[in-house]
Amino acid sequence: MHYGIEVVTLGDYADPRPVVRLAQAAEAAGWEACAVWDHLGFVWGAPSGDALITLAAVAQATSRLRLISAITPLPRRRPHEVAHALAALDLLSGGRVIFGTGLGGVAEEYAAFGLPTEPKARAAMLDEGLTIIERLWSGETVHHQGVHYVVNGVSLAPLPVQRPRIPIWIGGESRAALRRAARWDGWVIGSVDESGQVLRTPERVAEEIAYIQAQRAGDAPFAVALTGQSQPHDARVQEYADAGVTWWLESLHGYRGDFEALMARVEAGPPR
């Protein structure tokens, strides 16, 4: 099991600076990653931070933490711009980026800017966009005439440090999301609500992982990242590890307490 923190970048944590402080403390305490949300919360009244800017700030302030977008709704961004930005972040961080992506669960963040809200349309944009990103990260000259996107003979430069590409983790709990995750490098999912109430038991996670594995071709490593709330030496986390979870991401947000309370949890270290 690997351990990271997941910062809900809404409210006070829309400001990258407290996120950086939590990330620095996490690295010192033995956590291995910093994941951040990617929402346009200001659309529905909540201050919200930009995920890639925040991760860039964390990259400059740390040396070991993996940097995870958890998750970036690709259909509301242009895939070539995401490919370019993440390649730059991977260079900046020395190859520490993990791209978590999915459809996005808040339709208002699409509707407010005239983007499609229908899940099937967003799913098609996500799949087409991921194809473009993978090809751009390969370094090839990309020619693409798709339903949603066009690329006319473009080669991305500079390329990411990680080869053949930055790992891609898929978020979502639908069967379609699980099948999509099976085609890439990992699956990221939540286990609790904002009050800490468990929504996803180890038994349920084990069933979902089995479904994903049944869809996979080959035996390449596959990450399963679960967000949740724990205390140091929390035996429940081992139950999730036994179910097949490979990353525990400790969820940090304002509902858990003030900044000092969250910092104390981070400084106490992973729930080994």
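Here is what the cut-offs are and how they apply
- Residues numbered from 1 in each chain as written.
- Predicted model: local features only at pLDDT ≥ 70, side-chain atom pairs only at ≥ 80, totals over all residues.
- Heavy atoms only, no water.
- Helix = DSSP H or I, 4+ residues; strand = E, 2+ residues; numbered from the N terminus.
- Rg over C-alpha atoms; globule rule 2.2 N^0.38 Å.
- Buried < 20%, exposed > 50% of the residue type's maximum accessible area, 1.4 Å probe, protein only.
- Contact = heavy atoms within 4.5 Å.
- Areas by Shrake-Rupley, 256 points an atom, 1.4 Å probe, with all protein chains shown as cover.
- Phe/Tyr/Trp six-rings, centres within 6.5 Å; stacked < 30°, edge-to-face > 60°.
- Lys NZ or Arg CZ within 6 Å of the ring centre and 35° of its normal.
- Pairing = 2+ DSSP bridges.
- Right-handed = clockwise from strand over helix to strand, strands pointing away.

Caption draft 1: Region of interest: the overall build of the protein chain. What the protein chain contains, in helices and strands, is nine helices and 10 strands. The C-alpha radius of gyration computed for the protein chain amounts to 18 Å, which stays within 12% of the reference 19 Å derived for 272 residues, consistent with globular compactness. Projected onto its principal axes, the C-alpha positions of the protein chain cover 50 × 40 × 35 Å. Going through the 272 residues of the protein chain one by one, you find that 52% of them count as buried. The contacts in the protein chain between residues at least 6 apart in sequence include a share of 69% that link residues at least 24 apart. Taken as a whole, the protein chain presents about 11,800 Å² of accessible surface, with 54% of it coming from carbon and sulfur.

Caption draft 2: Representation of the environment of Leu-91 in the model. The residue Leu-91 is located in helix α3 (residues 79-93) in this model. The class for Leu-91 is partly exposed, based on a relative accessible area of 39%. Between the alpha carbons of Leu-91 and Pro-158 there is a distance of 8.5 Å; along the sequence they are 67 residues apart. Here Leu-91 is in contact with Pro-158, Leu-159 and Val-161, once residues within four sequence places are set aside.

Caption draft 3: Focus on the environment of Glu-207. Following the sequence through the fold, Glu-207 ends up in helix α7 (residues 202-215). Under the relative-accessibility criterion, Glu-207 is labelled exposed at 55%.

Caption draft 4: A look at the packing of aromatic side chains. This structure, assessed with the given rule, holds three aromatic pairs. Ring centres of Tyr-240 and Trp-248 lie 5.9 Å apart, and the angle between their planes is 45°; this geometry places the pair in the tilted category. Across this residue pair, the class does not change: Tyr-240 and Trp-248 are buried. One cation-aromatic arrangement involves Arg-122 over Tyr-110; the distance from NZ or CZ to the ring centre is 4.8 Å. We note Arg-175 situated over the ring of Tyr-211; from NZ or CZ to the ring centre the distance is 4.2 Å.

Caption draft 5: Geometry of helix α6 (residues 175-182). Among the residues making up α6, those that are buried are Ala-177, Leu-178, Arg-180, Ala-181 and Ala-182. In this fold, the buried residues of α6 make contact with α5 (119-138), β7 (168-171), β8 (186-190) and α7.

Caption draft 6: Highlighting the pairing of β8. Counting buried positions along β8 gives four out of five residues, so the element sits mostly inside the fold. By the bridge criterion, three bridges tie β7 to β8 in an arrangement that is parallel. Among the inter-strand pairings, Gly-171 is bridged to a residue of β8, identified as Val-188. Handedness of the β7-α6-β8 crossover: right-handed. Sheet topology places β8 next to strand β9 (residues 223-228); five bridges connect them, and they run parallel. Bridging from a neighbouring strand, Gly-190 pairs with Thr-227 of β9. Handedness of the β-α-β unit built from β8, α7 and β9 comes out right-handed.

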